[in-house]
Amino acid sequence: MCGIFGYTGKKEAQGLVLEGLKHLEYRGYDSSGIAVQNGFDHLAVRKTDGKIKRLEEILKAHPLKGTTAIGHTRWATHGTPSPQNAHPHLDHESQIAVVHNGIIENYFDLKKTLEEEGVRFRSETDTEVIVHLVSKYYKGNLENAVRAALRNLKGTYAVAVIASHEPGKIVAAKCDSPLVLGLGTNESYLASDVSAVLEHTRRVIFLENGDVVSLSGGKFQLTDLAGKPVSRKTNVIDWDVARARKGGFEHFMLKEIFEQPEILSAILKERASGSRIHFEELKISETKLKRIKRITIIACGTAYHAGLTAKYIFEEFTDIPVWVDTSSEFRYRDAKVGPDTLVVAISQSGETADTLAGLREAKKKKALTLSVCNVLGSSLAREAHGVIYTHAGPEIAVASTKAYTAQLTVLYLLAFYFAQIAASGPSKKLAGLLKEFIRVPHLMQNILDRYKRDEGQWRENAHDFNVRYHAQLEKYFNADPEKRKRSPNGFFLYLGRNINYPSALEGALKLKEISYIPAEGYAAGEMKHGPIALIDENPWVICIAPQSRTYDKMISNIQEIRARGGCIIPIVTEKDEAIRRLDPIYVIEIPPVSEIFSPLLVIVPLQLIAYSVAREFGEDIDQPRNLAKSVTVE
Ligand code: F6R
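Residues numbered from 1 in each chain as written. Predicted model: local features only at pLDDT ≥ 70, side-chain atom pairs only at ≥ 80, totals over all residues. Heavy atoms only, no water.

Looking now at the overall build of the protein chain. In terms of helices and strands, the protein chain carries 17 helices and 26 strands. Taken against the 2.2 N^0.38 rule, which gives 26 Å for 634 residues, the C-alpha radius of gyration of the protein chain at 26 Å falls within 12% of a compact globule. Across the 634 residues of the protein chain, 62% fall into the buried class. The long-range share in the protein chain, meaning contacts at least 24 apart out of those at least 6 apart in sequence, stands at 72%. Measuring between centres, the 81 positive side-chain charges of the protein chain sit 4 Å from its 77 negative side-chain charges. (Helix = DSSP H or I, 4+ residues; strand = E, 2+ residues; numbered from the N terminus. Rg over C-alpha atoms; globule rule 2.2 N^0.38 Å. Buried < 20%, exposed > 50% of the residue type's maximum accessible area, 1.4 Å probe, protein only. Contact = heavy atoms within 4.5 Å. Lys, Arg positive; Asp, Glu negative; His and termini not counted. Charge placed at Lys NZ, Arg CZ, Asp CG, Glu CD.)

Another aspect to go through is the sheet that holds strand β12 (residues 212-216). Pairing within the open sheet is antiparallel, and its six strands lie in the order β5-β6-β7-β8-β12-β13. Two strands in the sheet have a free side with no partner beyond their single neighbour: β5 (89-90) and β13 (219-223). Sheet analysis places strand β7 (residues 155-163) next to strand β8 (residues 169-175), joined by four bridges and oriented antiparallel. Across the sheet, A158 pairs through a bridge with K174, a residue of β8. (Pairing = 2+ DSSP bridges.)

Around the ligand, a shell composed of 15 residues is seen, among which S347, Q348, S349, T352 and E513 lie nearest. A distance of 2.6 Å separates an oxygen atom of the ligand from a polar atom in the side chain of S347. A distance of 3.0 Å is found between an oxygen atom of the ligand and a side-chain nitrogen or oxygen belonging to K510. Here the ligand loses 90% of its free accessible area of 400 Å² to cover by the protein chains. Of all elements in the fold, only α8 (301-317) and α15 (501-515) reach the threshold of two or more residues within the shell around the ligand. (Near = heavy atom within 4 Å. Polar contact = N/O pair within 3.5 Å; in protein donor to acceptor, adjacent residues only side chain to side chain. Areas by Shrake-Rupley, 256 points an atom, 1.4 Å probe, with all protein chains shown as cover.)

So, on to the packing of helix α14 (residues 455-478) against helix α17 (residues 598-616). Helix packing for two helices is described by the angle between their axes and how far apart those axes are. Running from N to C, α14 and α17 point in directions that differ by 60°, and their axes come no closer than 9 Å. By the angle between their directions, the pair α14 and α17 is classed as oblique. As α14 runs across α17, the sense of the crossing is right-handed. Contact residues: α14 offers E455, W458, R459, A462, H463, F465 and N466, while α17 offers P605, L608, I609, S612, V613, R615 and E616. (Axes fitted to C-alpha atoms, helices over the stretch in contact; angles between N-to-C directions. Parallel < 35°, antiparallel > 145°, perpendicular 65-115°, else oblique. Left-handed = near helix turned anticlockwise from the far one by under 90°.)

On to the nonpolar core. Grouped together as the largest cluster of nonpolar side chains are 103 residues, with contacts concentrated most on I295, Y412, F416, F437 and Y494. The greatest single-element share of this core, amounting to 14 residues, is contributed by helix α12 (residues 402-422). Lining this core are residues from two domains, each supplying at least three of them: domain 2 (252-438) and domain 3 (448-617). For F416, the residues in contact, after removing those within four places along its chain, are I277, I313, F317, L430, L433, L434, F437 and F597. Membership of the second largest hydrophobic core comes to 44 residues, among which are L59, L356, L359 and Y389. (Core = buried A, V, L, I, M, F, W, Y, C linked by side-chain atoms within 4.5 Å. Domains from an automatic or database assignment.)

Bringing the domain arrangement of the protein chain into the picture now. Assigned domains within the protein chain: domain 1 (3-238), domain 2 (252-438) and domain 3 (448-617). When each unit is reduced to the centre of its C-alpha atoms, the spacing between domain 1 and domain 3 is 46 Å.

It is at 8 Å that the axes of helix α4 (residues 128-137) and helix α5 (residues 142-150) come closest, and there the two elements cross at 125°. Taken together, the axes of α4 and α5 lie oblique to each other. The interaxial crossing formed by α4 with α5 has right-handed handedness. Along its contact with α4, which presents I130, L133, V134 and Y137, the element α5 presents L142, A145, V146, A148 and A149. Classifying every residue of the contact of α4 with α5 gives nine nonpolar, no polar and no charged. (Nonpolar A, V, L, I, M, F, W, Y, C, P; charged D, E, K, R; others polar.)

This is the structure:
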C-alpha cells in the first residue's frame, strides 16, 4: 500500500511530485503529503488527510519552491488517516524528511528505545521511527545514515529520504515494497510504480531488495546495505502512456472494461501462432514442465477467481489435478506441494503480500514456481522460477477488470500449452480451440458495442433498481417492527454453475467493492442446501445461464427461485427462449460461444452491472472506500 514519488533535477518539483502522486493514488488515498528542499538548510512540508485533490488545493494556496522533493499517498496501517500520521515525517529539527511504503514490524521496540533516548514522537505511525533513526545516525552523510537506520529495521519498506544539509539529493531504499528509479537527462525520478514515471522517461531501473540508491540530478549511485556498490539493469519500457489516462471515458473502470478485446487480441497474437502456443519469457523448460504431477494455484480476490476458473480449464484439457487456494490460506496450512508440483501465483500487481509469502513458502518446499503478473519487474515476477506477463497495461481502477480477463486468457493458453507438451506437438483439437479463441475478442467487442448502443437503457435499468431498492428499504424501516420481516432488503445473489461458478463469485465481488451493496456468489446447485432460504421478492438474482452442459439444470434452479417470488436477471446466449418465459426483470444476452470460453464473455455484463449500479448510486467508482490497488500488507 501507499505510493511514493520523488524528483531531483532542475525543474520545479512540486507540480511533478503532485502529478506523480495522482498516478499512484490507486495505491492508497486516505492522506497525502510532500516535502520540498529549498536550498541549503531548508525543508518545507505540506500534508493533509483526504485525497490528493485536497493536497493540491493546499499547495495552490501555499506553494513550495524547490527542485528536489519527495511525496506520498497513504493507505493507513498504523494510525488513523490524519495530517499528523500523513507522510512525510520529519525528525525533531525538521532537517530530515522520510516517506515510506510498507510495515516496520519491530517499530514498537525501536520506538521505546528512541523514547528512552529522549525522542518525542508526533504520530502513531511505524514510519516515524525511520526518520528518528536516520537523524540519530546522521553525521554529515545521508547515505551512511540511511543505511545505518535501515539495518535496524525488520519488515518491509520502500523509503525515500531528503535532508536540508544535502541539497539536490534523495536517498532511497527498498525491501519487499516496490520502488522504481526513472532516469532522465540531468534529472531523476523515483516511484512505487513504473506507470508514474513514463510521462518523463522510458529508462528505468527496478530496485532489488537491499538496494540503497543516492540520486542527485541525473546521477545515481547504487549500493547494498553495507555500502558495497551494486549494478542493476536499465530497462526501456515501451508501454503506451495514453493507456494510463482516462481517454475520454467517465471512469478508469469503464475505460479498462472497454480495453479488454484489444488486450485479449494482443495476448493471443503474441502467444498463439497457427496451432502452436509459445511463452518466450517462461524460463522453465518443457522437460521440467513434463515432470509436473500436480498444479497448485495461489492468488487473492479477483486473481483467485481467475485461478478457480483455470482449474476447470486445466482439468478439462490436461490430466493434471489442480488445487486452488487463496494465498492467505495457503501460506498458513501445511499444503502438500513438492518438487513434482507447479505452484502458479497469479497477481495483477505482483506485490500482494500474501501471494508473495505463499510463493516463498512454495519455493521453500522445493516446488517449481510460476507467476502470472501484469506489472513488469514486480517482486512476484522476479522471485518465481518462471513468469508469464499478462501485458494488460497499467490498471488504474481499484476494481480489477482487464487484468482479470488477461489473466484468464493467459491461463487458457497455459492449459493448452500443457496439452500441447503432453501430446508432443500440435493437435487437431487444439487447433480448433485456438481458432475459436481468436474470435473471442470480437465477441467481447460485440457485447461492448451493444452496451454503447443501449447505454441509455442500462442507465434506466440502474435507475429503476435504485428506485426499487430505496422503496424496499423505506418499506422495511417504516414498517411496524412487529410486522417487519427479518430478512434484510436489497441484496444481490449471483448464481453460476460449472466453469461459470467462479464468474458468479467475481460478479458479486465487483458489485460489493464499488457499490457497497451486499452480494453473494453461489454455485447454483448449492442453493437448495441453504441459501434458498434467503429468497423472497427482495434479492436480485443474477443468473449466469449461457448455453452449456448444465443449462437445463440452471433452468431448474431458476424455476426454484421464481417459485419463491425471486426477481431474476439472467445472462443468456442470444435467442434463448426458455429463460425468457420465466418472467425475468431484464435479460442480458451474449453471443454464442463454446462453454469453455463463456467466462470471458459473461464477465463483461457482470462488470457493467457493477459499474452501472455504482454510477447510479454516485459512488467513487475508481477509488472505492477502504481499498487500495496493491495490498502489500498481510
Ligand atoms: C478486486 C481486486 C482485488 C485484487 C486482489 C489481488 O477487484 O482488485 O481483489 O484482485 O487484491 O491483487 P493482485 O492481483 O494485485 O495480487
